[in-house]
Amino acid sequence: IYTLSLHDALPICTLLRARVAASECYRLVEEYGPACYTRQPDGSLLLEIGYTNEDVAAAWLLGFGAKAEVLEPPALRARMASEAQALCAVYGAPKK
């Protein structure tokens, strides 16, 4: 008989740190509560939350467009850069 402990059942949680535009404060509060961010001296918000699924985290962050910058973890930051390149390939580079 296999016994599953609570520790085995909990997903691995990774810390996300991102700089988010102050204009997106309402989204952070609605989805994660007011304790999820710290207002920075430049007015931006430092978001610090845990996530368990990188696909879900990336999709959520893409909804912010350029109003969010992933600072950590490096793998998610690289994923966001890759997603941005893929979007440029679909929509083309902006015309100047």
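So, how was this worked out
- Residues numbered from 1 in each chain as written.
- Predicted model: local features only at pLDDT ≥ 70, side-chain atom pairs only at ≥ 80, totals over all residues.
- Heavy atoms only, no water.
- Buried < 20%, exposed > 50% of the residue type's maximum accessible area, 1.4 Å probe, protein only.
- Helix = DSSP H or I, 4+ residues; strand = E, 2+ residues; numbered from the N terminus.
- Arc of directions from axis to C-beta.
- Contact = heavy atoms within 4.5 Å.
- Polar contact = N/O pair within 3.5 Å; in protein donor to acceptor, adjacent residues only side chain to side chain.
- Pairing = 2+ DSSP bridges.
- Axes fitted to C-alpha atoms, helices over the stretch in contact; angles between N-to-C directions.

Right, let's talk about helix H3 (residues 54–62) for a bit. Looking only at H3, the buried set comprises Ala57, Ala58, Trp60 and Leu61. With its buried residues spanning 165° around the axis, H3 presents them on a single face. Where the residues of H3 are buried, they touch strand S1 (14–20), helix H2 (25–32), strand S3 (45–51), strand S4 (68–72) and helix H4 (74–91). N-capping of H3 is provided by Asn53, with a side-chain oxygen placed 2.9 Å from the backbone N of Asp55.

Now for the sheet that holds S4. Taken in spatial order, the four strands line up as S2-S3-S1-S4 in an open sheet, and their pairing is antiparallel. This sheet does not close on itself; its edge strands, each paired only once, are strand S2 (37–39) and S4. In this sheet, neighbouring strand axes are inclined to one another by 25° on average, regardless of whether the strands run parallel or antiparallel. In terms of strand pairing, S2 meets S3 through three bridges, oriented antiparallel.

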